[in-house]
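Reading the structure
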Amino acid sequence: MLNQLLIFLLDAVGGFLTGLLLTRFILQMVKAPFRNPLGQFVIAMTDWIVRPVRRIIPGLFGWDMTSLLLAWLTQALLLGLTLGLSGTLLAVSPAPTFMVALLAVLATLKIAGYLLLGAVLVSAIFSWVNPYAPMADIFNAISRPLLRPFRRWIPNIGGIDLSPLAFILLLQMVMMVLERLRWVVLAG
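As a starting point, this report considers the structure included with it. (Residues numbered from 1 in each chain as written. Predicted model: local features only at pLDDT ≥ 70, side-chain atom pairs only at ≥ 80, totals over all residues. Heavy atoms only, no water.)

Remarks on the overall build of the chain
For the chain, the count of helices and strands is six helices and zero strands. In terms of its C-alpha atoms, the chain occupies a principal-axis envelope of roughly 60 × 35 × 35 Å. Within the span of the chain, comprising 188 residues, buried residues form 37% of the whole. Roughly 11,600 Å² of accessible area belongs to the chain as shown, and the carbon and sulfur atoms make up 74% of that amount. For the chain, the centre of its 13 positive side-chain charges and the centre of its 6 negative side-chain charges are spaced 6 Å apart. (Helix = DSSP H or I, 4+ residues; strand = E, 2+ residues; numbered from the N terminus. Buried < 20%, exposed > 50% of the residue type's maximum accessible area, 1.4 Å probe, protein only. Areas by Shrake-Rupley, 256 points an atom, 1.4 Å probe, with all protein chains shown as cover. Lys, Arg positive; Asp, Glu negative; His and termini not counted. Charge placed at Lys NZ, Arg CZ, Asp CG, Glu CD.)

Structure below.
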């Protein structure tokens, strides 16, 4: 019982930190302004870990590789601790280490998928409710490149943009594939 509570707490804290680091990565990737409440919150919550590591790990092609690598490392550490506490991972050798690293990649991709799903949903809601809201620009900056390919092929119907729906359906299929891959890694 105590192990389950500890695993739950570790998963919540690790998932939150990973989400913040991925949000920082995504906001920098789409060049969204950080002079807003969301950007300021993300910077305030992640600067303590990103700035020191940024001295060692430079950016690549304008991408914040430090935030991305730290998100993956957070998931790898979380998975290693979780598997160790549950008794699944008993030895440190190349096979379990590779398994944890691969599971961490899948978990990081899953969290990124949920962040992108949330950004597209919030952007769609802002477009219906208040397209000129101060936070709408941030969510539009994230969702615009994601929805652009869908908008080329899916016309507006009755003034309604169905590209978010198509993106969400595709993302759900990708999430199902990621979950299946996770089970394959765990079984193998």
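Structure's up, so let's keep going.
Notes on the pattern of salt bridges
The final tally for this structure, using the stated rule, is seven salt bridges. A salt bridge links Asp64 to Arg24; its shortest N-O distance comes to 3.9 Å. Within this pair, whereas Asp64 is found in the loop between helix H2 (37-54) and helix H3 (65-86), its partner Arg24 is found in helix H1 (residues 2-29), the two being separated by 40 residues in sequence. Neither residue differs from the other here; Asp64 and Arg24 are each classed as buried. (Salt bridge = Lys/Arg side-chain N within 4 Å of Asp/Glu carboxyl O.)

Digging into a nonpolar patch on the surface
On the surface, a nonpolar cluster with roughly 820 Å² of combined accessible area is contributed by Ile125, Trp128, Val129, Ile157, Ile160, Leu162, Leu165 and Leu169. At the level of elements, helix H4 (94-129) and helix H6 (163-187) are the ones that each hand at least two residues to the nonpolar patch. Of the residues forming the nonpolar patch, the biggest block, three residues, is contributed by H4. In this structure, Val129 sits in helix H4. Its relative accessible area of 64% is what places Val129 among the exposed residues. (Patch = residues over 30% accessible without salt bridge, like charges linked within 9 Å, V, L, I, M, F, W, Y side chains within 5 Å.)

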